[in-house]
Amino acid sequence: MDHCTTSAHTLLNTVLILWLCTRAFGTELGFVTCGSVVKLLNVRHNVRLHSHDVRYGSGSGQQSVTGVTTVEDSNSYWSVRGTSTAVCQRGTPVRCGQTIRLTHVNTGRNLHSHYFASPLSSNQEVSAFGEEGEGDSLDEWTVLCGGAVWEREESVRFQHTATDGLLSVTGEQYGRPIHGQREVHAMLTANQHNYWRAMEGVFMKPSEAPGTRDNGSPLHTEF
């Protein structure tokens, strides 16, 4: 029986999934794999990519995406997934140059961007969009890194596939109701504001054969 369930929209479910997956798979991998559940740290501003069921009051009106300094917040977990046209087999290392989706675990919405202006800096708005992990082509991001695969200790960039914007933080802070959280946006300029590193989470271990665990029992291939 695979205890790593396919959806989690509450804190209790998130904690249970992380505990069970850690027991089953361990966290010793040196690279990020498909199906992993991770927190992403902006290394310039020391904030983790975050979302919550709070919508923007302007622009798209979609679910907001921010950066938070709190390490323990369960709303900072994202699932690494393939796209609607390119399956990302669970446990497979994410390649540099590969296009992925990042799905917010607690709300089931995908990291998303478009040409709306972000509310504080007037850069390109980044939001969370879709339902139960299904959205559209504007949910797709290309992993930009230096080697063959996305190394866990490496600082990488995420480039929005449709607009070429780079996922960024430049330090602007929100007031109420999300006081102190940083604006997350996209920009075309490659600089120190758009480097991210995989931090806390569960990193799914590759199986010897697709669809099996190390002991040969079936393993679900979608998260």
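What you see is a predicted model, and the numbers here were worked out from it, not measured in a lab. (Residues numbered from 1 in each chain as written. Predicted model: local features only at pLDDT ≥ 70, side-chain atom pairs only at ≥ 80, totals over all residues. Heavy atoms only, no water.)

*Asks:* Quick rundown of the overall build of the protein chain? Include the residues and the values.
*Replies:* Counting its secondary structure elements, the protein chain contains one helix and 12 strands. If you list the helices and strands of the protein chain from N to C, you get α-β-β-β-β-β-β-β-β-β-β-β-β. For the protein chain, the residues scored as buried account for 50% of the 223 residues in total. Relative to all contacts within the protein chain whose residues are 6 or more apart in sequence, the contacts with residues 24 or more apart total 65%. (Helix = DSSP H or I, 4+ residues; strand = E, 2+ residues; numbered from the N terminus. Buried < 20%, exposed > 50% of the residue type's maximum accessible area, 1.4 Å probe, protein only. Contact = heavy atoms within 4.5 Å.)

*Asks:* Got a sec to walk through the state of the cysteines? Specific residues and values, please.
*Replies:* Applying the stated criterion across every chain yields a total of two disulfides. Across a sulfur-sulfur distance of 1.5 Å, Cys34 and Cys88 are joined as a disulfide pair. With the S-S bond torsion at -45°, the cross-link from Cys34 to Cys88 turns out left-handed. One end of the pair, Cys34, is in the loop between α1 (11-25) and β1 (37-42); the other, Cys88, is in the loop between β4 (78-81) and β5 (99-104), with 54 residues separating them in the sequence. Per residue, the accessibility class of Cys34 equals that of Cys88, and both read buried. Note that Cys96 is cross-linked by a disulfide to Cys145, the S-S spacing being 2.0 Å. (Disulfide = S-S within 2.5 Å.)

*Asks:* Tell me about the nonpolar core, and name the residues and values.
*Replies:* Side chains of a nonpolar character, in soluble globular proteins, are inclined to be buried together. Core analysis: the largest hydrophobic core is formed by 32 residues, its most contacted members being Leu40, Leu49, Val65, Leu111, Trp150, Phe158 and Leu167. Every residue in contact with Leu111, bar those within four places of it in the chain, is listed here: Leu49, Val65, Trp78, Leu102, Val126, Ser127, Leu138, Asp139, Trp141 and Leu167. (Core = buried A, V, L, I, M, F, W, Y, C linked by side-chain atoms within 4.5 Å.)

*Asks:* Kindly report on the packing of aromatic side chains, identifying the contributing residues and their values.
*Replies:* If you walk through the whole model with that rule in mind, you get one aromatic pair. Considering the side-chain rings of Trp150 and Phe158, the 5.3 Å spacing of their centres and the 75° angle between planes classify their relative orientation as edge-to-face. Relative accessible area serves as the criterion here: at 0%, Phe158 is assigned to the buried category. The ring of Phe203 is capped by Arg152, whose NZ or CZ atom sits 3.7 Å from the centre of that ring. (Phe/Tyr/Trp six-rings, centres within 6.5 Å; stacked < 30°, edge-to-face > 60°. Lys NZ or Arg CZ within 6 Å of the ring centre and 35° of its normal.)

*Asks:* Report on unusual backbone geometry, specifying residues and quantitative values.
*Replies:* With an omega dihedral of 5°, the bond running from Arg176 to Pro177 counts as a cis peptide bond. Within the element layout of this structure, Pro177 appears in the loop between β10 (166-173) and β11 (182-187). Even without being a glycine, Asn46 presents a positive backbone phi close to 55°. Relative to the assigned elements, Asn46 resides in the loop between β1 and β2 (47-55). Judged by its relative accessible area of 48%, Asn46 is partly exposed. Even without being a glycine, Ser122 presents a positive backbone phi close to 60°. Along the polypeptide, Ser122 turns up in the loop between β6 (110-117) and β7 (124-129).

*Asks:* Residue-level account of the side chain of His185, with values.
*Replies:* Its location among the elements puts His185 in strand β11. Of the polar contacts made by the side chain of His185, one reaches the side chain of Ser121; its length is 3.4 Å. A polar atom in the side chain of His185 sits 2.8 Å from the side chain of Glu183. Residues in contact with His185, not counting those within four places in the same chain, are Ser118, Ser121, Asn123, Gln124, Val126, Leu166, Leu167, Ser168, Val169, Thr170 and Glu172. (Polar contact = N/O pair within 3.5 Å; in protein donor to acceptor, adjacent residues only side chain to side chain.)

*Asks:* So what's going on with the pattern of salt bridges? Residues and values would help.
*Replies:* In the structure shown here, the tally under the stated rule is five salt bridges. The network of salt bridges with common partners includes Asp53, Arg109 and Glu131. (Salt bridge = Lys/Arg side-chain N within 4 Å of Asp/Glu carboxyl O.)

*Asks:* Which residues make up the confidence of the model for the protein chain, and what values do they have?
*Replies:* Low pLDDT means the predicted atomic positions in that stretch should not be read closely. Taken residue by residue, the protein chain gives an average pLDDT of 84. The fraction at 70 or more is 80%. In the model, residues 1-27 has pLDDT below 50 throughout and makes 49 contacts with residues more than four positions away in sequence or in other chains. Note that residues 208-223 has pLDDT below 50 and, in this model, 37 contacts with residues that lie over four places away or in other chains. (pLDDT = per-residue confidence, 0-100.)

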